Amino acid sequence: EDLNTNHYAFFLSAYASYLVGEQRKEEEILEASNKMDKALIVNRNLKELVDQMEKREQQQQPKCNVDAMHYYLKGVVLRELSRDSDAIEAWITSVNLMPYNWSAWRSLSELVVNEKMFLYVKRKLNTHWICDIFVAEVMVETTEFYNAHEVIKYFNALHLKLSENLHILGQTALVLYNLHKYDECIQIFEDLLSMDPHRIELLDVYSNILYVKERRKELSYLAHRCMELYKYRAETCCIVGNYYGMYGMHEKAILYFERSLQLNRNFINAYILMGHEYIEMRNETAAIECYRKSIELNSRDYRGWYGLGQTYELLQMYCYAIFYYNTVCKLRPYDYRMWMALASCYHNLGNICMSIKAYQRAENIAASHQNSNNRQQ
């Protein structure tokens, strides 16, 4: 049977070719001597794969004869080639044909970088309950589209429809974490662990909260539990790193964050936490490198931008700090703390007018949050 007409055979062949190219790329990166050479190394099979897929689509007219996994893999390849708009179209086609491929939804959510793109994608998606989960995923990643209470309202409605869905519960915890509602977040993580005692996903976030709240006993128990169950998971190494960081053992904490990155080099939380530890050790150069790497992996994550702003503020390089704080304020426009940081830098530069404007914005947001909380009570 022709490879182009057998969906399973074509996908397995194309995916195997993609993986072979990725393996060769990783080997070449390991052998490269400097960062410039590493940055130029790519998967050499990508262009050939795209040509094969586009040729197959032309042969399989109408396009509905091409299966969802074809378009999913096409999106993966196109994204590797930095053709993001084409990748979005491929993934939209894929999820409309097969809504239960969560990998396609997750990949699509990572390319929704602004509100205009979000509205465009929503218009082209078929009506399906899993689309509601996709919207929730985008809400978690792109808090600049909504204020805090809109996000919480949407998640509460979604939780009523899918009350036993642990993924929704985990994403709710992530929203509350981003809003710094730590007590509510801890309660959700405790509920999650009671329902799924062997869970590891998002427990690195839980450990961040325990670290901030200085709950040493709970963090110690969590670290020991994860080491017993999942010793070689990136999340576990981050949890143990937080444990050592809480006791001021910064070198050992960094060692575990580095181990986390050996297990998953794209694990953003490890870069962020390692940057924090370097700040504690007054190694600003290493901290900046960590925060920059986190931004490369996900430019929508405000923590990397905020970390850079704080680092340059510590170095009294206020113009640089203002640049990064301005980006943070675009990503987190409803967080008054970001505007306070920006106002402080303007004040240190002697720009009193801009400082007052930023302080006023922070005051208005804080007052708005207080009024909303009073109405809810």
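Criteria and cut-off values
Residues numbered from 1 in each chain as written. Predicted model: local features only at pLDDT ≥ 70, side-chain atom pairs only at ≥ 80, totals over all residues. Heavy atoms only, no water. Phe/Tyr/Trp six-rings, centres within 6.5 Å; stacked < 30°, edge-to-face > 60°. Buried < 20%, exposed > 50% of the residue type's maximum accessible area, 1.4 Å probe, protein only. Lys NZ or Arg CZ within 6 Å of the ring centre and 35° of its normal. Core = buried A, V, L, I, M, F, W, Y, C linked by side-chain atoms within 4.5 Å. Helix = DSSP H or I, 4+ residues; strand = E, 2+ residues; numbered from the N terminus. Contact = heavy atoms within 4.5 Å. Axes fitted to C-alpha atoms, helices over the stretch in contact; angles between N-to-C directions. Left-handed = near helix turned anticlockwise from the far one by under 90°. Patch = residues over 30% accessible without salt bridge, like charges linked within 9 Å, V, L, I, M, F, W, Y side chains within 5 Å. Areas by Shrake-Rupley, 256 points an atom, 1.4 Å probe, with all protein chains shown as cover. Salt bridge = Lys/Arg side-chain N within 4 Å of Asp/Glu carboxyl O.

S.K.: Quick one: what's the story with the packing of aromatic side chains, residue by residue and with numbers?
M.R.: Within this structure, the stated rule accounts for 15 aromatic pairs. Ring geometry for Tyr312 versus Tyr320: centroids 5.2 Å apart, planes at 20°, classification stacked. Tyr312 gets classed as buried once you look at its relative accessible area, which sits at 8%. The class for Tyr320 is partly exposed, based on a relative accessible area of 46%. Each member of the aromatic cluster is reached from another via a ring pair, and the members are Trp305, Tyr312, Tyr320, Phe323 and Tyr324. Positioned above the aromatic ring of Tyr256, the side-chain terminus of Arg259 is 4.7 Å from the ring centre.

S.K.: Now, about the nonpolar core: what can you tell me, with residues and values included?
M.R.: Within soluble globular proteins, side chains that are nonpolar tend to cluster in buried spots. Core analysis: the biggest nonpolar cluster contains 115 residues, and Leu125, Phe134, Phe189 and Leu203 have the highest contact counts within it. Looking at which element gives the most residues to this core, the answer is helix 8 (residues 129-141), with nine residues. What Leu125 contacts, discounting residues up to four positions off in sequence, is Ile92, Val95, Asn96, Trp105, Leu108, Cys131 and Phe134.

S.K.: Break down the packing of helix 3 (residues 46-59) against helix 4 (residues 68-80) for me, with residues and values.
M.R.: The N-to-C vectors of helix 3 and helix 4 enclose an angle of 145°; their axes lie 10 Å apart at closest approach. The handedness of the crossing between helix 3 and helix 4 comes out as left-handed. Taking contact as the criterion, the partners of Leu46, Leu49, Val50, Met53, Glu54, Arg56 and Glu57 in helix 3 are, on helix 4, His70, Tyr71, Leu73, Lys74, Val77, Leu78 and Glu80.

S.K.: I'd like to hear about unusual backbone geometry, residue by residue, with values.
M.R.: The backbone of Glu214 sits at a positive phi, close to 55°, despite the residue not being glycine. Tracing the chain through its elements places Glu214 in the loop between helix 12 (203-212) and helix 13 (216-229). Judged by its relative accessible area of 63%, Glu214 is exposed. Even without being a glycine, Gln316 presents a positive backbone phi close to 60°. Secondary-structure assignment places Gln316 in the loop between helix 18 (302-314) and helix 19 (318-331). Residue Gln316 is classed as exposed on the basis of its relative accessible area of 58%.

S.K.: Give a detailed account of a nonpolar patch on the surface, specifying residues and quantitative values.
M.R.: A cluster of nonpolar side chains, contributed by Leu315, Met317 and Tyr320, occupies part of the molecular surface with about 260 Å² of accessible area. If you trace the backbone, Met317 turns up in the loop between helix 18 and helix 19.

S.K.: Now, about the pattern of salt bridges: what can you tell me, with residues and values included?
M.R.: Once their charged atoms are close, side chains differing in charge can pair, the charge on each being opposite to the other. The tally for this structure, following the rule as stated, stands at 21 salt bridges. Across the pair Lys25 and Glu80 runs a salt bridge whose closest N-O atoms are separated by 3.7 Å. In this pair, Lys25 is assigned in helix 1 (residues 7-31) and Glu80 in helix 4, connecting sequence segments 55 residues apart. Its relative accessible area of 11% is what places Lys25 among the buried residues. Under the relative-accessibility criterion, Glu80 is labelled partly exposed at 36%. A salt bridge links Glu284 to Arg282; the nearest nitrogen and oxygen atoms lie 3.2 Å apart. One network of salt bridges, in which partners are shared, links Glu22, Lys25 and Glu80.

S.K.: Tell me what's going on with the environment of Glu289, and back it up with residues and numbers.
M.R.: With respect to the helices and strands, Glu289 occurs in helix 17 (residues 284-297). Classification of Glu289 by relative accessible area gives partly exposed; the value is 44%. Spatially, the C-alpha atoms of Glu289 and Tyr271 are 8.9 Å apart, while their sequence positions differ by 18 residues.

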